[in-house]
Amino acid sequence: MAEKFRLIYKEYKSAINKLKYPDSWFWVRYTINPYSGCAHTCIYCDARSQRYYLEQDFEHEIIIKRDIDKKLEHTLKRSRSMLPDVIGPGGVTDGWQPVEREVENTRKVLKVIAQNKYPIGISTKSSLIIRDIDILQKIALDTWCTVAFSITTTNEELAGFLEPFSSAPSERFETLKSLKEKVPQIQVGINLIPIIPFLEDNEDDLEDIVRKSKSAGADFILFSPGLTLRDSQAQFFINKLKESKYNYVVKPLLELYKGQMHPPSEYAKKLNLILYTMCQEYDINIREKRWIPNDFRKWNYKVSELLLNKEYLELVRTGKGSNIMKWAGLILNNLNESIIDVYRRGDLPKLKNFNKEVISIINPFLNEAAKSEPKQGIDKFLK
Ligand code: SF4
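Criteria and thresholds
Each chain has its residues counted from 1, running along the sequence as written. Confidence filtering applies because this is a predicted model: local features only for residues at pLDDT of at least 70, side-chain atom pairs given and counted only at 80 or more, and all residues used for totals across whole chains, interfaces and linings. A run of H or I in DSSP becomes a helix once it reaches four residues, and a run of E becomes a strand once it reaches two; helices and strands are each numbered from the N terminus. Each radius of gyration reported is based on C-alpha atoms, and the globular scaling rule is 2.2 Å times the count of residues to the power 0.38. Three exposure classes are used, all based on how many other C-beta atoms lie within 10 Å of a residue's own C-beta (placed from the backbone): buried at 20 or more, exposed at 12 or fewer, and partly exposed between those limits. Once C-beta atoms are placed from the backbone, any two residues with those atoms within 7 Å are in contact. Any helix carries an expected span of 1.5 Å times its number of residues minus one. Note that the arc is defined by the directions from the helix axis to the C-beta atoms. Each residue gets a C-beta atom placed from its backbone. If that atom is within 6 Å of a molecule or strand, the residue is near it. Think of it as three bins: nonpolar holds Ala, Val, Leu, Ile, Met, Phe, Trp, Tyr, Cys and Pro, charged holds Asp, Glu, Lys and Arg, and polar takes everything else, Gly as well. Throughout the structure description, domain borders are defined by an automatic or database domain assignment. A pair of strands counts as paired when DSSP detects no fewer than two bridges linking them. The axes are straight lines fitted to the C-alpha atoms, using for helices just the contacting stretch, and the angles between their N-to-C directions are given from 0 to 180°. Crossings are sorted by hand: turned counterclockwise from the far helix by less than a right angle, the near helix makes the crossing left-handed, and turned clockwise it makes it right-handed. What pLDDT conveys is the predictor's confidence in a given residue, as a value from 0 to 100. Linking buried Ala, Val, Leu, Ile, Met, Phe, Trp, Tyr and Cys residues through C-beta atoms within 7 Å yields a set, and such a set is a nonpolar core.

Moving on, we come to the overall build of the protein chain. Of the regular secondary structure elements, the protein chain holds 14 helices and 10 strands. The globule rule puts the C-alpha radius of gyration for 383 residues at 21 Å, and the 21 Å found for the protein chain is close to it. A principal-axis box enclosing the C-alpha atoms of the protein chain has dimensions of 65 × 50 × 40 Å. A total of 383 residues make up the protein chain; the buried ones form 42% of that total. Counting contacts in the protein chain only where the partners sit at least 6 residues apart, residues at least 24 apart contribute 79% of the total.

This is the structure we're talking about:
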């Protein structure tokens, strides 16, 4: 495998990127990629699509970002606009891909994050992450640490075909278990994303993942039915399928997608409901808990979490979410004063997307919060 990839060292001007809105699934606000490219080479990886403008040959080259830790340190120390918020190491790259074993770019980045007391939200397919448990523990105790393992099948042969150089699913479950047992303060979970139609959407197979997640100690499972099929990534994936023993799914897959990037909404609706019911039966959350800052953003983030979770639950249960509620939840993350002050002034209707429905949902919560710190979090409002 090592000889398959050419390693290129390169300097970049900036180390970290701020998202306009946090991701309402992973609650990540800043992204940092210690590498460009990913030797896990999952055959469905979206990094192959043209939207990412990767500058190297994805199948043969990995770019190692030189001095990324020093640049990150410099940015976190100097930038006044970078309020502490969740950093997500790795986007269209896995921070713990094989090259990390020697290069340790991700470990160096983690050290800087820990020293500067920023929370993190990680997603990986590698058991190598256990090497960094010392730093993850420090981050979890000082601020917040979420580690999610992406697992979409427990069939090791299928996983070996789809994700050839990632750790086997059984190793990922083992690593999750070990992380949770050693540091219970780390929030751990499974990203059941993407679920490939006709290969991974069988109910028994999905239940096997839910069962194993629960017994490994996962705090949550995030799921997303279907796989995005986009330009060059779609072509690569379909060609790989055609050359394999799984070629029988090509025809039904193309028929299902009908030339679109996503399967029809009915497909997602049905599978969402199945997985929602399963997770209820196994008593496992379908959302991650969010890191909450201890400054003026505290109630903004809590209310945002409440609205975005509520909108998502509605979508999963009925197949239809509310765009207004979603945007109300998102823009709250950029409010530069506390929503409690806005509430006390009676100015909630002046906030964009805060219609009567949204206000009626959050009013009881804000009323309680405005009097004093509520004893319970927002969970009781999510029933
Ligand atoms: S681990 Fe993630 S980034 Fe790496 S190839 Fe697989 S899907 Fe792409």
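Still to come is the rest of the account.
Turning our eyes to something else, we now look at helix α6 (residues 169-182). Relative to the 20 Å expected for 14 residues at 1.5 Å per residue, α6 spans 20 Å between its end C-alpha atoms, a close match to the ideal helical length. Listing the buried residues of α6 in full gives P169, R172, F173, T175, L176 and L179. Viewed end-on, α6 has its buried residues packed into an arc of 160°, placing them on one side of the element. Relative to its buried face, α6 has exposed residues pointing more than 90 degrees away, namely E181 and K182. On its buried face, α6 sits against α4 (133-142), β8 (145-150), α5 (156-162), β9 (187-195) and α7 (203-216).

Attention now moves to the site of the ligand. Taken together, the neighbourhood of the ligand is formed by C38, H40, T41, C42, C45, A47, V92, T93, D94, K125, E163 and S166. Taken together, the residues that form the shell around the ligand break down as 5 nonpolar, 4 polar and 3 charged.

As far as domains go, the protein chain holds domain 1 (2-281) and domain 2 (298-382). Contact residues are listed per partner, giving 8 residues for domain 1 and 7 residues for domain 2. Within the side of domain 1 that touches domain 2, the residues separate by chemical class into 4 nonpolar, 3 polar and 1 charged.

Let us now look at the pairing of β8. Among the 6 residues in β8, 6 count as buried, and that is most of the element. Burial along β8 is two-sided: C145, V147 and F149 facing one way and T146, A148 and S150 facing the other are all buried. For strand β7 (residues 120-124) and β8, the ladder comprises 5 bridges, and the chain directions are parallel. When the sheet's bridge partners are listed, T124 is paired in β8 with F149. Here β8 pairs with β9 via 5 bridges, running parallel. Counted as the bridge partner of T146 is Q187 from β9.

To continue, consider unusual backbone geometry. Residues I193 and P194 are joined by a peptide bond in cis, for which omega reads -5°. Note on placement: P194 falls in strand β9. A positive phi is found at D67, a non-glycine position, where the angle reads about 55°. Note on placement: D67 falls in the loop between β5 (61-65) and α1 (68-78). We classify D67 as partly exposed; it has 15 C-beta atoms within 10 Å. A positive phi angle, near 45°, is found at K258, a position not held by glycine.

Under the 1.5 Å per step criterion, the end-to-end length of helix α14 (residues 356-371) is 22 Å for 16 residues, consistent within 8% with the ideal 22 Å. Considered for burial, the residues of α14 that qualify are V358, I362, F365 and A369. Next to the buried residues of α14 lie α11 (298-318), α12 (323-331) and α13 (339-345).

Turning to its location among the elements, T175 is positioned in helix α6. Counting along the chain gives 26 residues from T175 to F149, while the straight-line C-alpha distance between them is 8.9 Å. Residues contacting T175, with those up to four places away along its chain left out, are S127, I129, I130 and F149.

Looking now at the packing of α11 against α14. To characterise two packed helices, one gives the angle between the axes of the helices and the distance between these axes. Here α11 crosses α14 at 145°, and the two axes come no closer than 11 Å. Considering only the axes of α11 and α14, their crossing is right-handed. The segment α11 lies against α14, with W299, V303, L306, L307 and K310 engaging V358, I361, I362, F365 and A369. Of the residues belonging to the contact of α11 with α14, the class tally is 9 nonpolar, no polar and 1 charged.

Take the sheet that holds strand β4 (residues 35-36) next. Read from one edge to the other, the open sheet built from 3 strands follows the order β1-β5-β4, with strand pairing classed as mixed. In this open sheet, the two edge strands, each paired with only one partner strand, are β1 (6-10) and β4. With 5 bridges connecting them, β1 and β5 associate as parallel partners. Looking across to β5, one finds that I8 is bridged to I63.

Note that predicted coordinates carrying low pLDDT should not be read in detail. Scored by pLDDT, the protein chain comes out at a mean of 93, with 96% of its residues at no less than 70. Here residues 373-383 is a poorly scored stretch, pLDDT under 50, and it has 11 contacts once near neighbours within four places are set aside; other chains count.

Position of N355 relative to the elements: it lies in the loop between α13 and α14. By C-beta crowding, N355 is classed as partly exposed, having 14 other C-beta atoms within 10 Å. Residues N355 and D69 lie 286 residues apart in sequence; the distance between their C-alpha atoms is 44 Å.

Judged by nonpolar contacts, the single largest core of 71 residues is most densely connected at I113, V147 and I221. The element best represented in this core is helix α3 (residues 105-115), accounting for 5 residues. Counting residues in each nonpolar core, the second largest holds 18 residues, with W299, V316, I339 and F365 among its members.

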